[in-house]
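The residues making up each chain are set out below.
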Amino acid sequence: MKKLLFAGLLGTIITAGATFPMMAQADEASDNAAVENRKMLMDGIGGAIGTLGCYMKGECTLPDPVLANLAKGIAFSAGAAPAAFEPQNPDASVKTTASADIWTNWDDFSGRFPEMKQAALALADAVGDKGAMGAAMGNLGKNCKACHDEYRTK
């Protein structure tokens, strides 16, 4: 009976010892996926702003519905961003420019996204009037810069 108990205990210890590294790998993979999702979300915003900037500088022409959809895409992403950033991902090995200050100043950080969303919707509303779009782009750009200055590492 003691041998059976010892064998069962030894088997449990071996299984647990083999499982913990896999759990750590799963945590790292999950955290990496969350960080990659955040990066894609922010890259999408940056791409839309870059395309709108191309239009505003006269370097490309885009129809009004495309311009409005770019701005609305930014607004949508701003609405999704707090949920994407909320979980801290300490086991991630993916390189990121997100500052740890995001989570220590969560209320300030997450509170900036509604302003960004409103600025993007104002830009969408301004489509068709390049002067009004310029002012709205300036407001949106200030919003982005203020957050990057505070919560993005260099």
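Just so you know, these numbers come straight off a predicted model, no measurement behind them.

(A) Examining the packing of aromatic side chains more closely. With the rule as written, the count across this model stands at five aromatic pairs. Taken together, a centroid distance of 5.2 Å and an interplanar angle of 85° make the contact between Phe-109 and Phe-113 edge-to-face. Pair noted here: Phe-109 and Phe-113 are both in helix 4 (residues 106-126), with a separation of four residues, about one helical turn. Note on accessibility: Phe-109 and Phe-113 belong to one class, buried. Each residue in the set Phe-85, Trp-106, Phe-109, Phe-113 and Tyr-151 is aromatic and connected to the rest through ring pairs, giving one cluster. The aromatic ring of Tyr-55 is capped on one face by Lys-130, whose charged end is 4.7 Å from the ring centroid.

(B) Layout of the environment of Lys-72. Topologically, Lys-72 is positioned in helix 2 (residues 64-85). A relative accessible area of 46% places Lys-72 in the partly exposed class. When the C-alpha atoms of Lys-72 and Ala-124 are compared, they prove to be 6.2 Å apart, with 52 residues separating the residues in sequence.

(C) A look at the nonpolar core. Core analysis: the biggest nonpolar cluster contains 33 residues, and Leu-52, Ile-74, Phe-109, Met-116, Leu-123 and Met-133 have the highest contact counts within it. Broken down by secondary-structure element, the contributors of at least two residues to this core are helix 1 (2-56), helix 2, helix 3 (101-104), helix 4 and helix 5 (130-151). Leaving out residues up to four positions away in the same chain, Ile-74 has contacts with Ile-45, Ala-48, Ile-49, Leu-52, Met-116, Ala-120 and Leu-140.

(D) The arrangement of the pattern of salt bridges in detail. Here the structure, examined in full by the defined rule, presents two salt bridges. Across the pair Asp-108 and Arg-112 runs a salt bridge, and its minimum N-O distance is 3.0 Å. Of this pair, Asp-108 and Arg-112 both sit in helix 4, four residues apart, roughly one helical turn. Its salt-bridge partner being Lys-145, residue Asp-149 comes within 2.6 Å of it at the nearest N-O pair. Placement of both Asp-149 and Lys-145 in helix 5 is noted, with a separation of four residues, approximately one turn of the helix. Given a relative accessible area of 46%, Asp-149 falls into the partly exposed group.

(E) Quick look at helix 2. For helix 2, with 22 residues, the first-to-last C-alpha span of 31 Å sits near the 32 Å given by 1.5 Å per residue. Along helix 2, the helix axis deviates most sharply at Gly-79, where the bend reaches about 35°; the proline Pro-82 sits within four residues downstream.

(F) Structural view of the state of the cysteines. Applying the stated criterion across every chain, the model contains one disulfide. One disulfide in the model links Cys-54 with Cys-60; its S-S distance is 2.2 Å. What makes Cys-54 buried here is its relative accessible area of 19%. Free cysteine Cys-144: the closest other cysteine sulfur is in Cys-147, separated by 8.1 Å. When its relative accessible area of 11% is taken as the criterion, Cys-147 is described as buried.

The rules we used
Residues numbered from 1 in each chain as written. Predicted model: local features only at pLDDT ≥ 70, side-chain atom pairs only at ≥ 80, totals over all residues. Heavy atoms only, no water. Phe/Tyr/Trp six-rings, centres within 6.5 Å; stacked < 30°, edge-to-face > 60°. Helix = DSSP H or I, 4+ residues; strand = E, 2+ residues; numbered from the N terminus. Buried < 20%, exposed > 50% of the residue type's maximum accessible area, 1.4 Å probe, protein only. Lys NZ or Arg CZ within 6 Å of the ring centre and 35° of its normal. Core = buried A, V, L, I, M, F, W, Y, C linked by side-chain atoms within 4.5 Å. Contact = heavy atoms within 4.5 Å. Salt bridge = Lys/Arg side-chain N within 4 Å of Asp/Glu carboxyl O. Expected span 1.5 Å × (residues − 1). Bend = angle between axes of the 7 residues up to and from the residue. Disulfide = S-S within 2.5 Å.

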